[in-house]
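# What the coordinates show
Chain by chain, the residues:
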Amino acid sequence: QKRLDAYEEQATAVKQAPAAVAVEVQPEQKPESAKPELSFDGRIHFDYNWFDGAYNAQAEGRSGSDLFARRIRTGIDSELGDWEHSLILDFSENTAEIIIARVRYTGLSNGVKLQFGKLREDISLNALTSSNDTGLIERSSLADTFSPYFRWGAAAYQHHKDTGLRWAFGVYKNDAFGATGKDEDGALTLSYTGRLTWALANEKQIWHMGLWHSERE
């Protein structure tokens, strides 16, 4: 009986003792800083020409041919959060040129994208299509006549996927079509270019309509 009483006293003491709570504290983890995503690309365009007659008059019109690298391009792209960066260099006809040096911001909630640097001025679908995707070896003479292609400036554009509408507006340095980018007093001259397009594409057909206008100082 004494042992039973002792066990009851011990059980009562355990019930009345305060409960201990173990708390494990985890060290605060700092979010990892975003790292830029880099990609590299390049292309080489070769031309093979076969010609005779007037195109080879120096050889009395006999058949001639030639093979050469028409264009070599190399580029680097990066993306960090809402910022995108592109740099494309072009090597052709014994010259080197910066084709694109673009910084683009895509973080606006309404879908408008902003970009600045050396950009492709938004004129003519044929001029805006990459040379990798053109149907012929050269662009149309219309595109070469009216498009200044790549110019330094700033632009904004927005594409509405639900309706197919796209608008673009940019301000660029006006150093195309014989202009130097400066007036008689040495002040910078600009061009103001806008473009509105509508496109509908499905598995069977593509519809595209657009118009553009450019004011050049």
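Residues numbered from 1 in each chain as written. Predicted model: local features only at pLDDT ≥ 70, side-chain atom pairs only at ≥ 80, totals over all residues. Heavy atoms only, no water.

The next point concerns the overall build of the chain. Secondary structure summary: the chain contains three helices and nine strands in total. Counting from the amino terminus, helix and strand elements in the chain follow one another as α-β-β-β-β-β-α-α-β-β-β-β. Here the chain holds 217 residues, and 24% of them are scored as buried. By sequence separation, contacts in the chain at least 24 residues apart represent 42% of the contacts at least 6 residues apart. Counting every atom, the chain has about 16400 Å² of accessible surface; 55% of that belongs to carbon and sulfur. (Helix = DSSP H or I, 4+ residues; strand = E, 2+ residues; numbered from the N terminus. Buried < 20%, exposed > 50% of the residue type's maximum accessible area, 1.4 Å probe, protein only. Contact = heavy atoms within 4.5 Å. Areas by Shrake-Rupley, 256 points an atom, 1.4 Å probe, with all protein chains shown as cover.)

Residues Ile-88, Ile-99, Ile-100, Ala-127, Ala-143, Tyr-149 and Phe-150 constitute the largest nonpolar core, which totals seven residues. Contact partners of Tyr-149, with chain neighbours within four places excluded, come to Leu-119, Arg-120, Glu-121, Ala-127, Arg-139, Ala-143 and Asp-144. (Core = buried A, V, L, I, M, F, W, Y, C linked by side-chain atoms within 4.5 Å.)

What follows is about a nonpolar patch on the surface. There is a patch of nonpolar side chains on the surface, built from Ile-44, Phe-46, Tyr-48, Trp-50, Leu-67, Ile-72 and Phe-91 and spanning about 800 Å² of accessible area. Considering every element that reaches the nonpolar patch, the biggest residue donor is strand β1 (residues 37-51), with four residues. With respect to the helices and strands, Phe-91 occurs in strand β3 (residues 83-92). For Phe-91, a relative accessible area of 37% gives the class partly exposed. (Patch = residues over 30% accessible without salt bridge, like charges linked within 9 Å, V, L, I, M, F, W, Y side chains within 5 Å. Salt bridge = Lys/Arg side-chain N within 4 Å of Asp/Glu carboxyl O.)

This part covers the layout of surface pockets. Here the largest pocket defines a volume of roughly 870 Å³. For the lining of the largest pocket, the secondary-structure elements that each account for two or more residues are β1, β2 (64-80), β3, β4 (95-105), β5 (113-120) and β6 (150-160). Looking at the lining of the largest pocket, its residues break down into ten nonpolar, six polar and 15 charged. Contributing to the lining of the second largest pocket are 25 residues, with Asp-122, Leu-128, Tyr-157, Arg-166 and Arg-195 lying nearest its centre. Listed by contribution, the elements that provide at least two residues to the lining of the second largest pocket are β4, β5, α2 (125-128), β6, β7 (165-173), β8 (190-201) and β9 (206-216). (1 Å grid on protein atoms, 1.4 Å probe; cavity = no way out; pocket = protein on both sides within 12 Å on 5 of 7 lines; lining within 4 Å. Points joined across faces, edges and corners; volume = space filled by probe spheres on them. Nonpolar A, V, L, I, M, F, W, Y, C, P; charged D, E, K, R; others polar.)

Time to look at the pairing of β5. Pairing of β4 with β5 involves five bridges; the strand directions are antiparallel. Bridge pairing in β5 links Val-103 to Phe-116. The pairing of β5 with β6 spans eight bridges and is antiparallel. Its bridge partner lying in β6, Leu-119 is registered against Arg-151. (Pairing = 2+ DSSP bridges.)

Right, let's talk about the packing of aromatic side chains for a bit. Enumeration over the complete set of coordinates arrives at two aromatic pairs. An angle of 50° between the planes, with centres 4.8 Å apart, marks the rings of Trp-83 and Tyr-105 as tilted. Here the residue Trp-83 occupies a position in strand β3, and Tyr-105 occupies one in strand β4, the gap between them amounting to 22 residues. Here Trp-83 falls in the partly exposed class, since its relative accessible area comes to 39%. (Phe/Tyr/Trp six-rings, centres within 6.5 Å; stacked < 30°, edge-to-face > 60°.)

For Lys-118, the position within the fold is in strand β5. Under the relative-accessibility criterion, Lys-118 is labelled buried at 9%. Side chain to side chain, Lys-118 and Glu-97 meet in a polar contact 3.4 Å long. At 2.7 Å, the side chain of Lys-118 and the backbone oxygen of Ile-98 are in polar contact. In this view, Lys-118 contacts Glu-97, Ile-98, Ile-99, Ile-100, Ala-101, Arg-102, Phe-150, Arg-151 and Trp-152; residues no more than four positions away in its chain are not counted. (Polar contact = N/O pair within 3.5 Å; in protein donor to acceptor, adjacent residues only side chain to side chain.)

This paragraph deals with a negative patch on the surface. A contiguous patch of negative charge, built from Asp-183, Glu-184, Asp-185 and Glu-217, is present on the exposed surface. By secondary structure assignment, the location of Asp-183 is in the loop between β7 and β8. The class for Asp-183 is partly exposed, based on a relative accessible area of 36%. (Lys, Arg positive; Asp, Glu negative; His and termini not counted. Charge placed at Lys NZ, Arg CZ, Asp CG, Glu CD.)

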